[in-house]
Amino acid sequence: MFIFRVSSEECASNDSRSERWIENTEHTQHNTPTHHCTVWKRKGLCFLTQTQSCCSMFPMLTLLSMFYYICLRRRSRSGTRSEALGSRRAVELGQRSALPVTVEVEQYGKEVLDFSSHYGSENSMSYTMWNLAGVPNVYPSSGDFTQTAVFRTYGHWWEKCISSAIPFRRTPPSFHSQDYLELAFEEPVYPTAVEVLETYHPGAIVKILACSLNPFSQNPPADVRWEVLWAGKPNKAVTPQARQFSPSIRQISFATNLLRLEVNSSLLEYYTELDAVILRGVRERPILALYKIPVIDINDLSDSEEEISDAGGLCCRSGGENRHNLGNGYFDRLPYELIQLIVSHLPVPDLCRLAQSCKLFHKHCCDPLQYIQLSLQPYWARLTDASLSHLQSRCTLLQRLNMSWTGNRGAVTAAGFCSFMKACGASLVCLELSCCHFLTEACLEVIAQTCPCLQELNLASCDRLQPQAFNHIAKLTNLRRLVLYRTKVEQSAILSILTFCPELRHLNLGSCVMIEDYDVVASMLSARCRSLRSLDLWRCRNLSERGLAELVSGCRLLEELDLGWCSTLQSSSGCFQHLARSLPRLRKLFLTANRTVCDSDLEELAANCSALEHLDILGTRMVSSASLRKLLQSCPRLKLLDVSFCSQIDSRFVQEISGLFPNVSIKKSFTQ
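Residues numbered from 1 in each chain as written. Predicted model: local features only at pLDDT ≥ 70, side-chain atom pairs only at ≥ 80, totals over all residues. Heavy atoms only, no water.

**Brief notes about the packing of aromatic side chains**
All chains considered together, the criterion is met by 19 aromatic pairs. Arranged with centres 4.7 Å apart and planes meeting at 45 degrees, the rings of W157 and W158 form a pair that is tilted. When the ring of W226 is compared with that of W380, the centres are 5.3 Å apart and the planes differ by 70 degrees; the resulting orientation is edge-to-face. Note that W226 is positioned in strand β10 (residues 226-231) and W380 in the loop between β14 (373-375) and α9 (385-392), a separation of 154 residues in sequence. (Phe/Tyr/Trp six-rings, centres within 6.5 Å; stacked < 30°, edge-to-face > 60°. Helix = DSSP H or I, 4+ residues; strand = E, 2+ residues; numbered from the N terminus.)

Here it is, written out as C-alpha cells:
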C-alpha cells in the first residue's frame, strides 16, 4: 500500500535534478513485529511505504535515481570521465523530458583517404580502392569487375612465399587484420548501421572502426579517437556471390564521417571485391547514448578522482620499484628463466600492466630480453609519442620492430620516432613501417645512421615520403629484404641502393611509378645483386625484353618473379622461354594480363621449372588446354594456377583438370 501526498509547488517543478533530490531527501523508518514502514520526505513530497518484513520495497523513482547516481560515480573505462560528466549534465538540463526526434541519414562514401594496398594501378581506376567512393557501380551483380575495389592479396599461399616476412611473436590472437582502407563521408552522424556491398568472394571484413576526426574540418581536434563499431574473425561466405554485409554495430559517443574497414582475405578462394559503403546515422545524439549506463568494472571501484593512465594501454609506468612487495605467492621461488618464459606469452599492453603490480613482476616485465621482438601494429590506434617514450628504456636489445599502420594523423611525430630509433636502433635487423605517413626524410636519415645492422626494411605504401628521402637507404649496406611497394622512389635512388646493397635477397618495386627506365634497373640488378631470390615488378611500366633477358641471365637464383601487368613484354621475342631456361629454381611466376603468353612459353616452363608452385597467366588468349595439361603433369609441386579470362580455357575443362589434379587450386573468375 502506497500513500502519496504531493504539494502543488512540487508538481509545478519539472527540472528537479536527480543528485540534489537524493541529497535533500530524509527518510525515517518505523518497525513493528509484522511491518516495516519507511517514510521519505522532501519539501512537502512524502512517500510512505509499507511492506512485509521479508519483502522490502522502495519507490521506483528513488531506486533508479540512486542507481544512476552510483553509475556516474563508478564510470567504467569504456568511457572517459568527461563523457560521464557530459551525460550527467545532459540529464540535468532536462533533455530527458523532451526527447529529440531524429531522422536517419543515408550516405555513400565521398572520398577514399588511405589504404594499405590495391590490385589496380596508380594511374587508372581499374580494381583500385578509389572505386569504393560514390554509389555502387556493380551491385547487385556478382563477379570479377574492374569497377570495384580489390586488395592485392588473398589466401594463405601468399604468406608462405619466401618473400614474406617472418611473423612477430606476441601478436594478440584477436588481431586478424591484413589490409585496411579509410573512407570519408559528407556529414558526421551518430552511426546506426554500416552496410558494405561486396560483389565477389565476400567475407574478408574483420573490423569496422569510426573516427572522431572530421577529415574535412579546418580545425581538427587535439585528441583523435578511434572506436570499434564491429569486429569479427576471418571467414568466407558460402558462395562467391554478391551480398550486402550489415553487421550489428555498437553505439559510440561521438558523431563520425570517417570509417575504417580492416580485412583479412586469408580464407578466401580468390580476390574479394567491394563496390560501395553506406553509412546510416542520425544527426542528434541518440537518447539511448545519453542514458547509457556504463558497465562497471569490478577492478575500478575506487572513489578516487585520480586514475592510472597507461596512454592507451601502452604507456608503462616506472614507479613499480618504489612499491612494497606485499607477497608474490610462490613466484619468487621460481627460477628467473622460468618466470621470464611465463611472462613472454603476454601481449605488450598486459606486460606493461603487470609491471605495475609488484617489484618482482616489474623486474621481469622491464627486462630488455622481453622486447627483442616488438609488434606495435595491433595497437596502431593508441600508439603515441608518449608510448614510445615509455617503451624506450626497455627496448635497448630490440632486434625486430613492427610499427606498420601506426602514428598517422599526428599520434606519432617524426621527432618522437627519431628519438626512439636513436635509443633503440643499434641492434635492429628488421623494421616494418608500411603505411606510416608520419615518416619524413629526417626519419630515414636517422634509420640509416642508427641501424647499421638492419637487414629488412618495409616501407610499403609510404606514398607521402618525398623521393629524395630514399637516397638514405643506400647507407644500409647489410640489407637483405627491401619493400618499396607504392612509394615515390625514383630511378637515381634505386640505382644507388642497388650499387651499395649487393646482399639483397628480396626486392619489391611493385607500382613504383616514378622509376623511368626499368631496363636500367634490371641491368643493375643483374650486375650487383646476383643473390636475389625474389623480385616484384608488379605493374612496372616499361620493362622490355632486353631488360628481362639481362635480369634472368645475372640473377639465376631467382625463385619468385612477379611481372604482372607488365604489358611491354612480348612473348614473340622469346623472352619468356629464355626466362624458363635461365631460372630452374623458379617457384612463383606471375605473368598476369600479358595477352601474348602462349603454348611455347608453358612448354618451356614444364620442361625446365619442375619446382614451380604458383603460376598466374590471367588474361592470355593463346594458351590451349593441351599445354596446360602438360604443365600440370610436369610440375608436381604446383599449388596455384590462375587461368581467369583465358579465352581458350573454359569452365568445363577447369572442372575436369581440378578432378585430375586435386592438390592444385585452379582459379577461373566469372562475371554476370
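Read on, since the account is not over.
**Brief notes about the sheet that holds strand β19 (residues 506-508)**
Sheet architecture is open: 12 strands sit in the order β14-β15-β16-β17-β18-β19-β20-β21-β22-β23-β24-β25, paired in parallel fashion. Both edges of this open sheet fall to β14 and β25 (665-667), since each of them pairs with a single strand only. Each neighbouring strand pair of the sheet contributes to a mean axis angle of 5 degrees, computed without reference to strand direction. Here strand β17 (residues 456-458) pairs with strand β18 (residues 481-483) via 3 bridges, running parallel. Paired with L457 across the two strands is L482, which belongs to β18. (Pairing = 2+ DSSP bridges. Axes fitted to C-alpha atoms, helices over the stretch in contact; angles between N-to-C directions.)

**Looking at the pairing of strand β12 (residues 256-263)**
Within β12, 8 of the 8 residues are buried, which leaves the element mostly enclosed by the surrounding structure. Pairing geometry for strand β8 (residues 179-200) and β12, over 7 bridges, is antiparallel. Following the sheet pairing, L183 is matched in β12 by L259. In the sheet, strand β9 (residues 205-211) pairs with β12 via 5 bridges, with the strands oriented antiparallel. Across the sheet, residue L209 finds its bridge partner in β12, namely R260. (Buried < 20%, exposed > 50% of the residue type's maximum accessible area, 1.4 Å probe, protein only.)

**Description of the environment of C540**
With respect to the helices and strands, C540 occurs in the loop between β20 (534-536) and α14 (545-554). Residue class for C540 comes out buried when judged on its relative accessible area of 2%. Through-space distance from the C-alpha of C540 to that of S511 is 6.2 Å; in sequence the pair is 29 residues apart. Those residues within four positions of C540 in sequence are excluded, and the remaining contacts are Y518, W565 and C566. (Contact = heavy atoms within 4.5 Å.)

**Remarks on the packing of helix α15 (residues 575-582) against helix α16 (residues 599-608)**
Following both chains from N to C, one finds α15 and α16 inclined at 5 degrees, their axes separated by 8 Å at the closest point. When the axes of α15 and α16 are compared, the pair comes out roughly parallel. Two secondary-structure elements touch here, α15 through F576, Q577, A580 and R581 and α16 through S600, D601, E604, L605 and N608. (Parallel < 35°, antiparallel > 145°, perpendicular 65-115°, else oblique.)

**Focus on unusual backbone geometry**
Cis geometry is adopted by the peptide bond preceding P140, which originates at Y139 and carries an omega value of 10 degrees. Here P140 is to be found in the loop between β6 (111-115) and β7 (149-150). Residue W405 is not a glycine yet carries a positive backbone phi of 75 degrees. Classification of W405 by relative accessible area gives buried; the value is 3%. One non-glycine residue, S511, lies in positive phi territory at about 60 degrees. Looking at the secondary structure, you find S511 in the loop between β19 and α13 (518-528).

**What about the packing of helix α10 (residues 414-424) against helix α11 (residues 441-450)?**
Following both chains from N to C, one finds α10 and α11 inclined at 0 degrees, their axes separated by 10 Å at the closest point. If you check the angle between α10 and α11, you find them roughly parallel. Each of A414, F417, C418, M421 and K422 in α10 lies in contact with α11, whose residues at this interface are A442, C443, V446, I447 and T450. Residue composition of the contact of α10 with α11, by class: 8 nonpolar, 1 polar and 1 charged. (Nonpolar A, V, L, I, M, F, W, Y, C, P; charged D, E, K, R; others polar.)

**Here's the deal with α9**
For α9, the complete set of buried residues consists of S387, L388 and L391. Along the axis of α9, the buried residues cluster in a sector spanning 95 degrees; they form a single face. The inward-facing, buried residues of α9 contact α7 (348-354), β14 and α10. (Arc of directions from axis to C-beta.)

**A look at the state of the cysteines**
Tallied over the entire structure, the rule returns 0 disulfides. Sulfur of C512: no disulfide; nearest cysteine sulfur belongs to C540 and is 9.9 Å away. C512 sits in the buried class, given a relative accessible area of 4%. Between C635, a cysteine without a disulfide, and C609, which holds the nearest cysteine sulfur, the sulfur-to-sulfur distance is 7.2 Å. Residue classification places C635 among the buried residues on the basis of a relative accessible area of 1%. (Disulfide = S-S within 2.5 Å.)

**Examining the side chain of R481**
Within the fold, R481 resides in strand β18. Taking the relative accessible area as the measure of exposure, R481 reaches 7% and is therefore buried. Reaching out from R481, the side chain makes a polar contact with the backbone oxygen of S163 at a distance of 3.3 Å. Filtering out sequence-adjacent residues up to four positions away, R481 remains in contact with S163, A165, E432, Q455, E456, L457, N458, L504 and H506. (Polar contact = N/O pair within 3.5 Å; in protein donor to acceptor, adjacent residues only side chain to side chain.)

**Some thoughts on the pattern of salt bridges**
Two side chains carrying opposite charge are able to pair once their charged atoms lie near each other. Counted under the stated rule, the structure contains 26 salt bridges. Between R260 and E262 there is a salt bridge, with its nearest N and O atoms 2.8 Å apart. On the basis of relative accessible area, E262 is assigned to the buried category, the value being 0%. One network of salt bridges, in which partners are shared, links E182, R260, E262 and R409. (Salt bridge = Lys/Arg side-chain N within 4 Å of Asp/Glu carboxyl O.)

**Structural notes on the environment of Q455**
Inspection of the secondary structure assignment puts Q455 in the loop between α11 and β17. Sequence spacing of Q455 and E503 is 48 residues, and the spatial spacing of their C-alpha atoms is 9.2 Å. Excluding residues within four positions of it along the chain, Q455 makes contact with V429, N478, L479, R480 and R481.

**Looking at the side chain of S116**
Tracing the sequence through the fold places S116 in the loop between β6 and β7. In this structure S116 comes out as buried when scored by relative accessible area, which is 7%. In terms of polar contacts, S116 uses its side chain to reach the side chain of D179, at 2.5 Å. Side-chain polar atoms of S116 contact the backbone nitrogen of Y180, separated by 3.0 Å. Look past the residues within four positions of S116 in its chain and what remains in contact with it is F151, D179, Y180, W405, C435, S461, Y485 and R486.

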